[in-house]
Amino acid sequence: MGIPETTLGGSRDAFPETVWSRFISGTADVDLDGLFRLYWRPVYTFIRTAARSSVEDAKDLTQEFFGYLMEGDVLAAYRADRGRFRVFLKGVLRNFLSHDRRDRSRQKRGGGKIPFSLDVQHLETEAFLADQRARTPEELFDRQWADDVLSSALERLKADLAAEDLRIFEGYYGGGEDYAALAARLGVPRQRVKSTLDALRDRLAAILRELLSPGVTSYDELAREMKDLLLP
């Protein structure tokens, strides 16, 4: 299904001060649960590819990585004026798998893990295994990140829709019907189809901004993340 075009970013005045942005500025503890939910799948795909780990080792290393983020001044080293947090996180992950992983290998296996359960069955597809040979870990991280955010946003959008609006949405984006065909099939005015789709694009943009905001520190970073997400 194609992704509806949306207005990138939104109003500068509307950008919230998130738990994550306050943590980076040193005024609050990090929202570990939110950070983990937002990034664990991209981190897992990166580790499976870069470290050539088994499924179980990659799951362990994914949990250990988030434990590592909580240690010392790892996250406090991030500076928004030097680039996006997502880029910073990939660099930290690459470093973890090289120098830091060698140091940690001396520790008892399982040390530093955080208590989150990882269901990776849906990630271990034939397409992913093929992509491991064709794409870099950074590319797989970014694609998984985009897939996760868009899937979550679309699920939330469709859950909120009335039955007729859902039929319009799925007919246009899933069935490839144009405004006129949809209006004729559903027995509604063409303008009703257009106004519904316009409203749904705006709603999707708002959901995407809400999902992305915990992982950014400024309006400009949010707008860049939205652009990468919708205009690859």
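Throughout this document, residue positions are counted from 1 along each chain, in the order its sequence is written. Two thresholds apply to this predicted model, a pLDDT of at least 70 for residue-level local features and 80 or more for giving and counting side-chain atom pairs, whereas whole-chain, interface and lining totals are computed over all residues. Hydrogen atoms and water are omitted, and side-chain values are computed over all heavy atoms in the structure.

**Q** Would you explain helix H10 (residues 219-230) in this entry?
**A** For an α-helix, the turn length of 3.6 residues means that residues three or four places apart are oriented alike. The first and last C-alpha atoms of H10 sit 16 Å apart over 12 residues, in line with the 16 Å expected at 1.5 Å per residue. Where H10 is concerned, the buried positions are Tyr-219, Glu-221, Leu-222, Glu-225, Met-226, Leu-229 and Leu-230. Each buried residue of H10 lies within a common arc of 160° when the element is viewed along its axis, so the set occupies one face. Only runs of H or I of at least four residues qualify as helices and only runs of E of at least two qualify as strands under DSSP, and these elements are numbered from the N terminus. Expected helix span is given by 1.5 Å per residue-to-residue step, counting one fewer step than there are residues. Three labels apply to residues, based on accessible area from a 1.4 Å probe with only protein chains included: buried if under 20% of the type maximum, exposed if over 50%, partly exposed otherwise in between. This arc is taken over the directions from the axis of the helix to the C-beta atoms.

**Q** Help me understand the environment of Glu-56, please; the structure alone is not making it clear to me.
**A** Topologically, Glu-56 is positioned in helix H3 (residues 55-69). Glu-56 sits 62 residues away from Leu-118 along the chain, and the two C-alpha atoms are 10.0 Å apart.

**Q** What am I meant to see in the packing of helix H8 (residues 179-186) against helix H9 (residues 190-212) here?
**A** Packed helices, taken two at a time, are described by their axes: the angle between them and the distance between them. The angle between two axes is taken between their N-to-C directions and runs from 0 to 180 degrees, where each axis is a line fitted to C-alpha atoms and a helix contributes only its stretch in contact. Two elements in contact, H8 and H9, have axes separated by 8 Å at closest approach and are oriented at 115°. Classified by the angle between their axes, H8 and H9 sit roughly perpendicular to one another. Judged by the sense of rotation from one axis to the other, the crossing of H8 with H9 is right-handed. Every residue of H9 that contacts H8 at Tyr-179, Ala-180, Leu-182 and Ala-183 is listed here: Arg-190, Val-193, Lys-194, Leu-197 and Arg-201. All amino acids are sorted into three groups, where Ala, Val, Leu, Ile, Met, Phe, Trp, Tyr, Cys and Pro are nonpolar, Asp, Glu, Lys and Arg are charged, and the leftover types, Gly among them, are polar. A class-by-class count of the residues in the contact of H8 with H9 yields six nonpolar, no polar and three charged. Each angle receives one of four descriptions, namely roughly parallel if under 35 degrees, roughly antiparallel if over 145, roughly perpendicular if within 65 to 115, and oblique otherwise. By definition, turning the near helix anticlockwise from the far helix through less than a right angle yields a left-handed crossing, and turning it clockwise yields a right-handed one. Should any heavy atoms of two residues lie within 4.5 Å, those residues are counted as being in contact.

**Q** I keep staring at the packing of helix H6 (residues 137-159) against H10 and nothing clicks. Help me out?
**A** In the contact formed by H6 and H10, the axes pass within 10 Å of each other and the chain directions differ by 95°. When the axes of H6 and H10 are compared, the pair comes out roughly perpendicular. Of the residues in H10, those in contact with Trp-145, Ala-146, Val-149 and Leu-150 of H6 are Glu-225, Leu-229 and Leu-230. Its residues placed into classes, the contact of H6 with H10 shows six nonpolar, no polar and one charged.

**Q** What's the story with empty space enclosed by the protein in this structure? I'm lost.
**A** To find leftover empty space, one rolls a probe the size of a water molecule over the atoms. Using a 1 Å grid laid over the protein atoms alone, points where a 1.4 Å probe fits but cannot get out form a cavity; open sets with protein on both sides within 12 Å along at least 5 of 7 lines form a pocket; any residue with an atom within 4 Å of a point counts as lining. Grid points are joined across faces, edges and corners, and a volume is the space filled by probe spheres set on the points. Under the counting rule described, the total for this entry stands at one cavity of 30 Å³ or more. In this structure, the largest cavity occupies an estimated 40 Å³ of space. Surrounding the largest cavity, Leu-38, Tyr-39, Trp-145, Leu-212, Gly-215, Val-216 and Glu-225 form its lining. Taken together, the residues of the lining of the largest cavity break down into five nonpolar, one polar and one charged.

**Q** Honestly, the confidence of the model for the protein in this entry has me stumped. Any pointers?
**A** In low-pLDDT segments, the atomic positions of the prediction should not be examined closely. Averaged over every residue, the pLDDT of the protein is 82; residues scoring 70 or more account for 78%. A residue's pLDDT is the predictor's confidence in that residue, given on a scale from 0 to 100. Of all helices and strands in the protein, the one with the weakest mean pLDDT is helix H1 (residues 19-24) (50), whereas H8 scores best (94).

**Q** Honestly, the layout of surface pockets in this entry has me stumped. Any pointers?
**A** Each pocket or cavity is described by its volume, and for the largest pocket that value is around 370 Å³. Looking at the largest pocket, it is lined by 12 residues, and the ones nearest its centre are Arg-37, Leu-38, Asp-148, Ser-152 and Leu-211. Put simply, the parts of the chain that give the lining of the largest pocket at least two residues each are helix H2 (32-50) and H6. No other element matches H6, which puts five residues into the lining of the largest pocket. Its residues assigned to classes, the lining of the largest pocket shows four nonpolar, three polar and five charged.

**Q** Before we go on, may I ask you to explain the packing of aromatic side chains in this structure?
**A** Aromatic ring pairs are defined here through the distance separating the ring centres and the angle between the ring planes. In this analysis, rings of Phe, Tyr and Trp, with Trp reduced to its six-membered ring, are considered paired at centre separations within 6.5 Å, and the interplanar angle assigns stacked below 30 degrees, edge-to-face beyond 60, and tilted for intermediate values. The full count for this structure, using the stated rule, is 13 aromatic pairs. The interplanar angle of 15° and the centroid separation of 6.5 Å between the aromatic rings of Phe-36 and Trp-40 together place this pair among those described as stacked. Here Phe-36 pairs with Trp-40, and both are found in helix H2, just four residues apart, close to one helical turn. According to the relative accessible area criterion, Trp-40 is buried, its value standing at 6%. Centroid distance Phe-169 to Tyr-173: 5.3 Å. Interplanar angle 50°. Geometry classified as tilted. Here the residue Phe-169 and the residue Tyr-173 both occupy positions in helix H7 (residues 163-174), the gap between them amounting to four residues, near one helical turn. By the burial criterion, Phe-169 is buried, and Tyr-173 matches it. Taken together, the ring pairs in this structure connect Phe-36, Trp-40, Phe-65, Phe-66, Tyr-68 and Phe-96 into an aromatic cluster. Seen from the ring of Trp-145, Arg-86 lies directly overhead, with NZ or CZ sitting 3.8 Å from the centre. Working rule: Lys NZ or Arg CZ, within 6 Å of ring centre, within 35 degrees of ring normal, means a charge sits over the ring.

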